[in-house]
Every structure is written in structure tokens, then in C-alpha cells.
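# Breakdown of the fold
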Amino acid sequence: MASELEPEVQAIDRSLLECSAEEIAGKWLQATDLTRELYQHLAHYVPKIYCRGPNPFPQKEDMLAQHVLLGPMEWYLCGEDPAFGFPKLEQANKPSHLCGRVFKVGEPTYSCRDCAVDPTCVLCMECFLGSIHRDHRYRMTTSGGGGFCDCGDTEAWKEGPYCQKHELNTSEIEEEEDPLVHLSEDVIARTYNIFAIMFRYAVEILTWEKESELPEDLAMVEKSDTYYCMLFNDEVHTYEQVIYTLQKAVNCTQKEAIGFATTVDRDGRRSVRYGDFQYCEQAKSVIVRNTSRQTKPLKVQVMHSSIVAHQNFGLKLLSWLGSIIGYSDGLRRILCQVGLQEGPDGENSSLVDRLMLSDSKLWKGARSVYHQLFMSSLLMDLKYKKLFAVRFAKNYQQLQRDFMEDDHERAVSVTALSVQFFTAPTLARMLITEENLMSIIIKTFMDHLRHRDAQGRFQFERYTALQAFKFRRVQSLILDLKYVLISKPTEWSEELRQKFLEGFDAFLELLKCMQGMDPITRQVGQHIEMEPEWEAAFTLQMKLTHVISMMLDWCASDEKVLIEAYKKCLAVLMQCHGGYTDGEQPITLSICGHSVETIRYCVSQEKVSIHLPVSRLLAGLHVLLSKSEVAYKFPELLPLSELSPPMLIEHPLRCLVLCAQVHAGMWRRNGFSLVNQIYYYHNVKCRREMFDKDVVMLQTGVSMMDPNHFLMIMLSRFELYQIFSTPDYGKRFSSEITHKDVVQQNNTLIEEMLYLIIMLVGERFSPGVGQVNATDEIKREIIHQLSIKPMAHSELVKSLPEDENKETGMESVIEAVAHFKKPGLTGRGMYELKPECAKEFNLYFYHFSRAEQSKAEEAQRKLKRQNREDTALPPPVLPPFCPLFASLVNILQSDVMLCIMGTILQWAVEHNGYAWSESMLQRVLHLIGMALQEEKQHLENVTEEHVVTFTFTQKISKPGEAPKNSPSILAMLETLQNAPYLEVHKDMIRWILKTFNAVKKMRESSPTSPVAETEGTIMEETSRDKDKAERKRKAEIARLRREKIMAQMSEMQRHFIDENKELFQQTLELDASTSAVLDNSPVASDMTLTALGPAQTQVPEQRQFVTCILCQEEQEVKVESRAMVLAAFVQRSTVLSKNRSKFIQDPEKYDPLFMHPDLSCGTHTSSCGHIMHAHCWQRYFDSVQAKEQRRQQRLRLHTSYDVENGEFLCPLCECLSNTVIPLLLPPRNIFNKLNFSDQPNLTQWIRTISQQIKALQFLRKEESTPNNASTKNSENVDELQLPEGFRPDFRPKNPYSESIKEMLTTFGTATYKVGLKVHPNEEDPRVPIMCWGSCAYTIQSIERILSDEDKPLFGPLPCRLDDCLRSLTRFAAAHWTVASVSVVQGHFCKLFASLVPNDSHEELPCILDIDMFHLLVGLVLAFPALQCQDFSGISLGTGDLHIFHLVTMAHIIQILLTSCTEENGMDQENPTCEEESAVLALYKTLHQYTGSALKEIPSGWHLWRSVRAGIMPFLKCSALFFHYLNGVPSPPDIQVPGTSHFEHLCNYLSLPNNLICLFQENSEIMNSLIESWCRNSEVKRYLEGERDAIRYPRESNKLINLPEDYSSLINQASNFSCPKSGGDKSRAPTLCLVCGSLLCSQSYCCQTELEGEDVGACTAHTYSCGSGVGIFLRVRECQVLFLAGKTKGCFYSPPYLDDYGETDQGLRRGNPLHLCKERFKKIQKLWHQHSVTEEIGHAQEANQTLVGIDWQHL
Ligand SMILES: [Zn+2]
Ligand SMILES: [Zn+2]
Ligand SMILES: [Zn+2]
Ligand SMILES: [Zn+2]
Ligand SMILES: [Zn+2]
Ligand SMILES: [Zn+2]
Ligand SMILES: [Zn+2]
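Let me begin by describing the structure that accompanies this report. (Residues numbered from 1 in each chain as written. Chains lettered and ligands numbered in written order. Predicted model: local features only at pLDDT ≥ 70, side-chain atom pairs only at ≥ 80, totals over all residues. Heavy atoms only, no water.)

### A closer look at the coordination of the zinc ion (ligand 1)
Ideal geometry at a metal centre: 109.5 degrees between donors when four sit tetrahedrally, and 90 or 180 degrees when six sit octahedrally. Looking at the metal site, the zinc ion (ligand 1) is ligated by C99 (SG), C124 (SG), C127 (SG) and C149 (SG), spaced 2.2 to 2.4 Å from it. Around the zinc ion (ligand 1), the 4 donor atoms sit at angles spanning 97 to 126°, and that spread fits a shape best called tetrahedral. Counting residues between consecutive donors of the zinc ion (ligand 1) along the chain gives the motif C-x24-C-x2-C-x21-C. (Donors = N, O, S within 2.8 Å, 3.2 Å for Na, K, Ca; no water. Tetrahedral: all angles 85-135°; square planar, octahedral: opposite > 155°, others 65-115°.)

Shown next, in the form of C-alpha cells:
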């Protein structure tokens, strides 16, 4: 089918191209019935342009539509060529001062925390950068798409509403000018015509519901019969389900199915089949059948192609309208008029209404197009925004109903536009007064929650999945309510008052349905069977929390409203609980001669609910009244007389008792749901409108009733009345009732009750309760959080309640109470409490959880000990209560309170028995302390005419009345002071007694005080104890001091290690390696050390002993003993690469012999330095393998290492490893035992070697052609003159033990396997090359790290590196002994030929394309294979030296050829020195050999400078190489940091300081060699500028430069679109930190196939950019991603910090982020050190969940 249609698709109808826009427009201008004319045009052409085949061709369609359809309209509108018309319109336009930029997904948006009216007010990046807010406290977020920039909206900003760009326009703007005045009458009329017709057309066709029939006026004459099978998206089916179904239904490949699914997800619909009706219908039925099993089926329609065509054009048309109105505000206004004009059908018939009301029926793509149009038209025109808002409000209920039925996310629903109107203060107020918006929203909300219980309360218990789903959706209504309330009115009109109170009524109705919902009953006997549903109710509570706070704020801003609201709230509360005594018997309680009537009610036996929003709202209003003082000015306005305090406190008290009982373990059988509810009740998210308000309500109650009555009711509710009302109950209790649980329970309840009393008296930090302001409140919260421990900014923010603007108010006070400590390289910045704030610490702070309380107590006591103070934590001095609450303090001196205190103290005095606890006593002591503080303050603030009625000191001095004759509280305290079992509380009791005396003194001195009588005894007692106490005290102080010193020392040590982790590790390593350093120390320090050549410094042989980490046995490293090995990790590397586009294409054929100077793909070896016996390791590895196999069979768990690839973790340090390196002695010494006196010079040596090579090559040829005639053969042998002493048939004996040989092969093969990514093959001739290469590459990479960090070459290298390099070099040097001699000889010949040309090697790279250090290593390490057959008396050392000199000279030529000496540098300073003239002469020679192609001759000074600089890395690498190869200690000069060390290096390496001398000494042969190098055609091409070459010194690779401000990265990423799905925004844009590529990660669209598996863009990128290893920044998440291979990865903390020294992974907090250079350097260092894979391994070992992530799909 598809193939038949192809030609039709390709061909473009000629008639279309011949259309002339001008002519058509002309015809329309003449038309009498324009509508008919236009519709006919559309009916004819639209189906010819759109939807001509199975797949859309958007470019072609757009082109044709512009040409045939839109072009004519533009002509018509302008009345001339639009190319001139539109610019004219634009010029005449006075543009709006609104920015209105619509945000793309992922675009950064900015909100000013100082000036934004609410957090929904945001700026685009451009406006933000040009605004005053960039210097304010701002918050940055990434947009979820939709919404626009509020720049220019004066209502959105308290200050600075315009950015620089948009400010320019405002100066000219007159008040509310009609934009139409800038347009001519004609244009207005024509625009009106065309807009009206086309807008109507678009709305009609988009809302058209028939599937195969067009509207009449669009019907076609010739009707083709093609259909589409259209698939729509829903939120029910997953991507995978859709893909699977499509493959089945329309027979497509998985790739195509993914394509379909992606489009359906993005646009909301996509045709999946094109053809005749039957054909499409068939696909439809398969899809429906396949997806209807569990859920409702996917929506599929078979639609006639012409309908689809018109709909596509309809969308195009809407976008077109959006762009046309961009030319002129006048055009925009006309469109708004057209859109909002009422149609013939009256109400709701305007085009805008019609679109809104069919929103839920439209597919996603259509919705977003028309929403965009609304945003750029109606919302940009202030006059029409208002009218639109009214339409929106009128349709509100219907729109919400539709939204409820729809299953799309809110972001794509028209209801999401509410934020645009409701947050604009004037609009919101207009909608409240004129459309009664508040009530409408609340009522709509209530309508959707119909499920109620018998009392009319919400019931979420038996919610079905569908109801739960709707409940989630209906929550967006609360969001709308929040928007409406977000800005408080500054002025109240009478209408506003009336409508607000109407809304308040509705709100109370809502709260009434919540009051008492989800009631619970204590489960006794058996455990509940099913956890009851509780989350829904709490979700509702949480969502409403801010709304309630805002309601209160509104009420607070107008006294009339406040009083009315108070009355209404009280009335509703009465309705809820008016009859609270119904059916419950009244009982009478009496203690100490006081009695009160209450009801019999037990929390532990009857129903209780945690939800009391009406009570709590009333509590809030009461506090507001208290603050406003209206209560005192016009008490007659208040219904205070109607208040019944016992009724007010009843339910909050029950709730608090419930918490206490849960804590006492009485509700264990009610399961976790209750525990969770209690948790949230106190949690920072809810407490403000739950727990806090309950405390306030009790405070209100106490302040209005006799405290004795209150306490008795409280005792009764806590079910403790019996205990305190019966004399000696405690004693009897403990002796009679032996049930320990009950005793325990009661103890806890008493503790809880005392705690509650402490809170009631002590919590006066809410403005209105106490005489404080909001700052005091937040300060106190922070002080108490920081009393627990120092905290990071984000931790602190999390522990504080946020207001609706997401502000905690913390910044304004934090400086006053805390010091900030900056973060180091890891960790976060921390706030520490200022010491002077410690005195404000209250142990019984009501927002502490139990754990926090005990932590804080411990921390504060420790602090006091450190400061050598006593450890009492007395209650802090409190601010006074507001007058309305003032009488509350009397609870402390009430008779019942004193009775409770006395009883508990009595128990403590007679301490035998269970019936008391230390915490109980501690609380009583705290309460006594509070009372003393209170009295002290009263006395301090006393004025003449007032009598201080607070006489706590007197009351506690009095002994009990006659019958009991119990001692006074004071006396009991004195007794307890010496009780040995109360050691901990001594300091506190002492403090109380001291304070008591102080208060007493004050009272005596104050005129109004009666005299106390007990002072004498106290003084006496105190003095009696004084001596004893003093002695004890001294001993205690001494002990504490000792403790403190010890603690300090260990703390300091730990701290030091933490701070200097790296340093510490290094010192450890240094310690360990001192032995090695000693080995290296020169025999005679003043001797010149030489690393190679016949003059090599002879070091006496050192014996080396090592211990196996597995069996702990010690062994000497010897040639013939068992092998010792180091765990090692070999990886491919591109860290040094200068050409990332190059990678090994076909590893099987790749020849690694010559390394290109771009170092594009190297093999790196690292080791943790841990040594094992080869056989111990083998056993360990086998067991790991076996375990892994068993484990994988059982459950397919991943590990951080891949056993199948030979990976394992070092048994000691768990470092990722994949092979082992054998430990060897310097191998050269084994073969270089003879010392020869007469050695050839370089020229002679080259000749000899050339002859030897020639001989070998001849023999090789002989071997490969065995069928030659024997005569000829022998003849040739004769012809061949074997060089003197050369015995090519000699095979040296391998000196190593079997075990060492085996390990040589093992490591060689591993290097080969990993380096080339091939199957292991120890016979492959490339194995030795890979070994040499890895040695050279690893040395080069370490040289780079040392240079970059300005560290000396032979400075204290961490011992693992030292061990690794030594072993690696010696291994590479010994490897030839296990390879085939002839293979190694072959490599040598070829390498040698690259510098000394010979006839049999022609296709060798030119010297510009060879990395000289790799060449040196290869030559030196291959040389023994040749030298071992040479018995002519040339030593190995001589060969090494000549090879080194030869390569060095080649490198100098390389440098000279590529040097670009810019003469503009510094001028030469010194007179010409020897080196300079020498290098100049050499350069001249070069100039001559290159046929003058070399650039003009620069000065000798510059040349010498560039040679010196260019050759340094090579010299350093060589020094390292020969140092490890031959074991010659490094000269002390190079061990310390300093300048280049050029001369020292030359000496160590047997080079003349004037390197050019090398050429002069060997000019004979060198001239011919140089000539041959220069003759190479590649060199010529380079000199002629036809190709490029690497220059020296090569610069170190760095990670890309990151911007200072993180938002510019976000912006960059938001402009990035997926490269594969046509301009779509990427969901997870990810930046490669190595090369700077942006990738579309974690998405189907950009998956590619790699080695037969689908992998994500990042994984694919690592293979080309980092040979499998990648370092990325996930821009949206602000998270660094490390990847290695397909299965390994981890997240790493990003190098961006906010001002508080914290990272923001996931960008949740939105604080501005700035680059932390040190942290970025650390990441770069990990990369340079090749430690990324190791880092991943450690991360995965530490966090197993990382192992399970599908890294390859990122
Ligand atoms: Zn803007
Ligand atoms: Zn702006
Ligand atoms: Zn600002
Ligand atoms: Zn061992
Ligand atoms: Zn290790
Ligand atoms: Zn890259
Ligand atoms: Zn993509």
C-alpha cells in the first residue's frame, strides 16, 4: 500500500505552484460574500496540501500552505505585498511594555524573593539580567513549559517591574491608549474580516466531532476515499505498552513504533495507518483489543483524510494568527475582539468560550497551540485580559468538571491558565467582588468531594481508584484558591468585605466537613486488621495549611472582617460541638478545695479525631484579636461572653492527650497509620495549623478560666485525676499495683502532662500570644535547631515552616544568632549557634521531636562542661504575654499545680518504688524554675501602684496544711539536693535554690513585699554543705578538665584527618614508601647520577622483601622465585588525546606500532599498589568468579565489577582491578652484566645495527620462501655477510621462573585485550607493542599531572604510583622474554626504520606523525631481542644511549619543523649564547633540506627557547622511564619543586646541556638522516600548509570551561533541541565535560545501537569521546554523571555551590549557583588521574542501589 502511494506523495500539484497570492487576494477584495469565497478556497486547496500520505511532510506542507493559503490572506490583510505591509505595521506600532515571553520547557526563570508579589511572578533570563533584581535575593527555577515572563506587569513586582529593555517603552505610553488608533480604517476593516472568518473556521474544524464527514460549507466536490487510523495519547498506558501494541497492530518495526509513540506522547495524536476505511478499521480493532484488558483501551479513531487535513491547517492557522498579531498591538486587539464577541447562540458562544469548553475533548497538540494563542493575545492585552478573566470565571465550574473527567495532566488543561488571572491582585479582587470567585472555587471543590459520613464529614475510607484519582485532580482547586488569596488587599471596599465573608462562610463549610473526620478508637485486645486510610485527610490538611494562614492574614488586615469572621467561626464551632455534653454524664472533680464540673470522657475509650480545623481557625482568629487590641477598645463588638472555655479546650485537649497516650504505648494495636498521623501533626509541614494552634487554644482556655479548674479537667482527660486527687495514691499505687506496664504508662502520661503545662506557659513567641514580633519567633526556632547541632542552610530551611511565598524569614535573622563556616573541598557550609545565644535555649521547646530534644540536651550540657560551667539547663527568660493571655501565668502558682509539684517531689524524696521517674522530676524542676523566672520578672518590672500578685516563692515556702503536715516544696528541694541518686539534677536544684534566694532578696527590697521566714535555714544549710560541696566540685572540675583535654585531642586528630584527607593519605603512603625512597637514595650524594648508557651509575643490588596481603607471608623478589604481583587496572584512555574524532575502527586490523603524536587512543595502567603472591591472587580470583556465578544464577544481581571481563576488587582496598602486574628487579641488570670498554659511537652503532637488521631481513625472507631452489639459497647465504659476532640463530635462555613467566603473559594479554578491545590471544604479535605502549602512555600521563600541578618530577610520589610505574616499566622491559624473538626483532626493525630508512620498510609514518616517546620506549624495550644475538661486544647500555640520542635528535627536528615562533614575543635579552647560534645553524640546515619551504629564519633565541620548551615533557618522561628501568636513584635536585631543571635532566640522561651538540658530534650521519626525514612527502605537504601537525610542547587537556553562573548553562541547555526528533526540546540535556557536546540523554529518541545493544546518547558518546569513560553534567539536575562502559556509572557532586556552600542536586531549592573552581579542579584531577572508573567502583560499593540503574540508557 505504502509503495503505491509514494509517487503521489512526491509530486506537487502544478496548479498549487501556479497560484498567485496577489491575484487571490484581489479576488477576495472584490467578493461580496467573503466567507463563502474563503471557505471555497479552503475546501478546494486544504485537502490538496495536507495529509497526502501515511507520513506527514511538514516542510512541504508549510511551504505550500504559506504559498496558497496564508500568503493570500496576508496580501488581503495588508492590501499590498506583506513584505512591505507588515514592516509598516510594525513601525507604526507602539509596542506593549509587557515582555510576555512564553517559556519553553527547561528554560530558566527567575523570581525575586524581595520584590515579587508572589512566587508565580517570574522573569525570563534576558529581562532578569537587565533588571534590578539581579542584585537582590533571587530564586532560579526551570520552567515546566507554559507561563510567561511577567516583566512589565506593575502588579507583579513591588519594585522594579521593568527591565532595561521594556522600560524604554513605558515613558512614551499614555494611560490606556487604544492601540487601534495606529491603524488605518481599511486595515482595521480587512483585518477584522479575515480574523473573524479564519478564527471561526479554525474553531469549527478543531471542535468538529464527526469522523468521516466535513462541515457542509467545506465539503468537497471530488471526494477521495482515504482514511487515517488516528491514535490518541492518554495518561494510562505506558510507552512500552503503546510500542508493543503498535508493532502488533500496524506491523511496523520497533523503531517506527517508538517514533509513533514519541509523537503521540508529544502531540497527543498521530496517524499510525493510512489507507482505505477497512484497512484502518482493522488496525483500530487490533489496538483496542490489545489495550482493553486491564484498563480502558487506547483511544483510536478512523478519520477521513480531509478532516485531518483541515484540522492540521486549523492548527497552522492559529499559530499564524499568533505570529501576525506580533506585528502590531492593534491587530492583537482586533483578534481579542473577534475572539470574545458573542456568537449568535448567546451566552458562551464566543469563539474563546467554545474553545475553552471543548478543551478536554481536544488532543494535546491542539490544546497547546490555542493556549499559546490565548497567551500571546488575550493575556497580553490588559483590557481583554479582564474580559477573558470574567469569561473564565463564569465557565469555571464547567471547566473544572471537564478537567475532572479528562485524564490529561493539568499543564495541558485550560484550567491551568487560572494562575494568569488569579494571581493578578486587581483582577483577583474584581473576580471576587463581581463573580464571587472565592465562593465558586470552594463550592466547586466541595461538589467534587461528595463522599461523606453520617455527620456530613468527608470520608476517604473506602475510596475507589477512580475516586482517588479525582481527589488528586480536585486538589488543583485549592491551588486556585491560594492564587486568589495570595495578595492581601490593602484597602477594603464594602463589596469586598461582603464577598470575602461569603467566601469565608463557604470555607467554614469546608472546614466543618473536616472537623472530626477520620475519628479513631483505641484498639484493645487484638491488633487492627487493616491500616485505615489516613493520607487523603492529611493531604487535604497540608494543601489547606497555607490557605488557612492566608485567610487569617486577610482577616487580620481589617477589623470589621476580623470580628465578623470570629463570630462566624465561633458559630460553626458551636454547631460542631455545641452539644458536646450530650449523652455524657456530668461529673464533679475536686482537689485542694477546688471543684469543677465536667463530663465523663476517656480518650482511651471513645472516639477521637486529630482533625479540628474549625477549632484551630478560631484559635488563630483569637490570637489576631489579641494582637489587634480591638478586644479592649470595643469589647461590646466581641462575642466573648458567648465563649465557653471548657467547650473551647475540650477537643484540642483530647487531641493532645491522644498524642501523649500514643507516646505512652497505649495505642500500639492501632498500627502505623496512627503513628504517621501523630508524626505529621507535629511535622513542620502541618504543625502551624495543627499542633501549634491546639496549644494556642489551650492557652486561650486557661487564660479565661480558673487555672485550678483547668488543671483538674486536664488531669481527668489524661486519666491521672485519681493519682493526684487521692492522698498517698502514689505509695499505694506502687505497692499495690504490680503491673509494671501500667506504672510505666502512667509515668509517661504524667511526664507528658507536665510537658504540656511547660508549653502552655512557655510558648509565647507567636505575635499575639506573647509580646513579640515575627522576627523573635523565627530567631527562636533557629536557635533551637542550631542547639541540636550546626546545620547547613538547606537543613535549616527544611526544619522551618515556609509561608505561602516559600519564605522562612531566616535570612533576616540568621546573622544575629549564628556564625557561618565555609565548606572545604567536600561537605557543605555550616551555621553554628553563637555562644551568647545559648542562654535562650529551652530544653522543652515545643517543636523538638523526642530525638531532637535528647540530642539538644546532650549537646548543650557538653558545651557547658567545655566552658567549665555547671550543667543546669534552666528555663530561659521569657517575653511577657499579651494582655489577653496575661492571666495564664497564674497556672504556675495555682493550688492544684503546687499540689502536683509537691506530690511528685514527695515521691522523689521517698524514692523507693516505681511510681516516679527522673524525667518527671526534671520537668517539675523546670516548672519551678519557670515560676521563679516569672516572679523575678514581675518584681523587676513592678511599678509603684501595682502589687505583685505572683507570689510563688511564698507559696512554696509554706509547709502543707494541718492534716498531712507535708514539708514545703522548698524543704523537699533542699532534701533532694543531697540525694545521691539525683546526681544529674543537682546543678539544676542548686540553680533553683540560688534563684529562690535572689527573688527573695528582691521581694524584701521591694516595698510591697511581705517578709519571708525561711531564709535563715537555707543559709545555714548551704554553709554546712559548703565545704563538702567545694571539695567535690574541685574534684569534678579536675575530672572534667581531663576529659575535655582528651576529647579535644581526639577531636583535633579526627578533624585534622577529615580536613586533610588527601594529605593524610599521602603521608600514609609516604610512610609506607620510605623504604623505597631509601633504596633510591644515592650512594654518594655528591656524585653525578646517570640513568643510562655505559656511564650509568652502578647501584649495589638491593634485596627487596614484600609481604603478600592474602597470606601475610614475606618473600624476596627474585628472578627465580615465585611471582609476586600487584593488583592493576588497565583501561583505554583518551585523556591525553588531541583528536577526539579519531578512534580505532577495526581493532582486528589495527596496527598500534607507531603512536601518533595526537595520542588519540592510549592504554593506561594503574594500581592500588597492593602485593600478593601470584598463586594467592589466582585462588582469590577463582573464588570470586565461582561466587559470582552462583550468585547470578540465584538472583540476577549486578555487582560493581564485571567478573566475566576479568574484573575483581583488590582484596585489601576494594579498588577496581582487572589484572595483575608481576613485581620484578631491574631487568636490564640481568642481561647487562658485562662491562665493555671500547664502545662504538653513534655513527658506527647505527651502521652495525643496520647491518644486523639487513641480515635478519634477509633470513626472514629466506624462511618465508622455503620452496626456492636450494642452490640459489645457499648462494644467497654466501652472499650475506653476517656482521661480526652476530648469531641470529642464538636463542637466549629465559631467566625467569615459570610462575613469573606466566604472569608476564597474563598481564601482557590483559593489556592487549583491553587496549585493543579484542579477544585475548597471547600469540598475537601486537601483544608486546601494547605492553610498551601502555608503559609509555602511563608515564606520559603522570608527567602531565606532575607538570600541571607544578610538582617536581621525582618529588614524593604517592607510593601506589611509584610502585605502579616501577612494575609497569620493568614488566614491559621483561615482556620480550616471553614473546617470540623474531616478532620482537621485527618490531624493532620497523621502529628503527622510521628514523634510519631502509629499503624494506617504505610505508612508514613520517617523523611528524610519530610520538617520539612511544618510539623511544618501543626501541629500547625491543632492543634486547636483537642485542642478545650480538656477541661483538656492544653493550646493551650503549645501545640504549644511542637509541635515546637518536630519538632525541629526531624530536628536536620535529619541534623545529613545527615550531611557530612568533616574533612578537619578548625580545631577546642576553647576547647570543652558544646554544642559540648552534640551533640557528641547525635550522639553516633544515631550511636548506626542505627546499626553503620552511618559514623564514627566526632568531636563535626564539628557536632555542622553543626547543627547550618543546622537549621538556619528553626529557621528563625519559627520565622517569630510565629511572624505573635501571633503578638509578634520581638526583636530589629534581626531587624538589623549582624551575625547569633542564640541566639536571640532561645530566641525568647523559645528554649535553647544549642539545644541538648531539648533531654536531654526529654530523656525518645526522645530516643524511635529517635530509631523509625532510624529503618525506608528508613533511613537504605540511610545510606547504596542506596538512596540520601537532606542535610541541603539547598542551594538557582540560575539561571545558564552565560558566560562573549556573543559569547560563540552563539557558544554553534550554535552547538545545534533540538532534533526532525535529526541533523537540530535549528532556535531559547533558553536557560532556570533556569535549563540550550537548546530548539528549535518557530518551528513546536518541538511543543508538552499540555492539548490538540499544544505548542512550551519553553511553554512545563515551565510546567516541572517552573510549568508554565519560564525565557529564546533567544540566536540569545539576548533577555530575560518571559513566564507564555500559554497566557502570555514578552521580558525583556538581562543582556548583550556592552562597551557603551547598550543592543543589535536582535544582530543588533554586538558590543562585556559582562555579566552585576548586571542586571543578578536583573532578578534572580525577579525570587526569584516570580515576573515574575507580570512583564509580567505590560509589557503587558504598551504595548498592547505584548498581541497579540502567546506566547504558542515559
Ligand atoms: Zn521577559
Ligand atoms: Zn523585560
Ligand atoms: Zn527584587
Ligand atoms: Zn600469598
Ligand atoms: Zn588495593
Ligand atoms: Zn565528549
Ligand atoms: Zn533525543
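The structure having been displayed, the exposition proceeds.
### Here's the deal with the coordination of the zinc ion (ligand 2)
Taken together, C127 (SG), C151 (SG), C163 (SG) and H166 (ND1) make up the full set of protein donors to the zinc ion (ligand 2), lying 1.9 to 2.3 Å away. Each of the 4 donor atoms around the zinc ion (ligand 2) contributes to a set of angles spanning 99 to 114°, which defines the coordination as tetrahedral. Each donor residue of the zinc ion (ligand 2) belongs to the same chain, with the gaps between them written as C-x23-C-x11-C-x2-H. Separating the zinc ion (ligand 2) from the zinc ion (ligand 1) is a gap of 4.2 Å, which C127 spans by donating to each of them. Linking C151 in the loop between β2 (138–144) and α8 (164–170) with C163 in the loop between β2 and α8, this pair joins segments that are 12 residues apart in sequence. In terms of burial, C151 and C163 fall into one category: buried. (Helix = DSSP H or I, 4+ residues; strand = E, 2+ residues; numbered from the N terminus. Buried < 20%, exposed > 50% of the residue type's maximum accessible area, 1.4 Å probe, protein only.)

### Focus on the environment of P883
Residue position: P883 is located in the loop between α38 (850–866) and α39 (895–909). Counting along the chain gives 112 residues from P883 to Q771, while the straight-line C-alpha distance between them is 8.9 Å. When neighbours within four sequence positions are excluded, P883 is seen to be in contact with Y632 and Q771. (Contact = heavy atoms within 4.5 Å.)

### Describing the pairing of strand β6 (residues 586–591)
Regular strands show a simple pattern: their side chains alternate between the two faces of the sheet. Burial along β6 is one-sided: I587, L589 and I591 are buried, while P586, T588 and S590, pointing the other way, are not. Bridging between β6 and strand β7 (residues 594–599) involves 6 bridges; their strand directions are antiparallel. Each residue of the ladder has a partner; that of I587, found in β7, is T598. Counted along the chain from β6 to the antiparallel partner β7, the turn is 2 residues long, and its residue C592 has a positive phi close to 50°. (Pairing = 2+ DSSP bridges.)

### Considering the sheet that holds strand β22 (residues 1679–1684)
If you trace the 5 strands from one edge of the open sheet to the other, you get β18-β17-β21-β22-β23, paired in antiparallel fashion. Strands with a single pairing partner mark the edges of an open sheet, and in this sheet they are β18 (1638–1640) and β23 (1688–1692). On average, each strand axis in the sheet is tilted by 30° relative to the strand beside it, whichever way the strands run. Alignment of strand β21 (residues 1669–1674) against β22, held across 6 bridges, turns out to be antiparallel. Each residue of the ladder has a partner; that of G1670, found in β22, is L1683. Against the sheet, helix α62 (residues 1606–1614) makes contact with β17 (1629–1632), β18 and β21, and its axis sits at roughly 100° relative to β21, the strand it touches most. Contacts between helix α63 (residues 1657–1665) and the sheet are confined to β17, β18, β21 and β22, with β21 contributing the most and set at about 135° to the helix. (Axes fitted to C-alpha atoms, helices over the stretch in contact; angles between N-to-C directions.)

### Regarding the pattern of salt bridges
Here the structure, examined in full by the defined rule, presents 70 salt bridges. For D267, the salt bridge identified is with R266, shortest N-O distance 3.2 Å. Judged by relative accessible area, D267 falls into the partly exposed class, the value being 29%. Given a relative accessible area of 31%, R266 falls into the partly exposed group. D406 serves as the salt-bridge partner of R367, at 3.0 Å between the closest nitrogen and oxygen. Taken together, the residues R367 in helix α16 (residues 364–376) and D406 in the loop between α18 (396–405) and α19 (418–422) connect sequence positions 39 residues apart. (Salt bridge = Lys/Arg side-chain N within 4 Å of Asp/Glu carboxyl O.)

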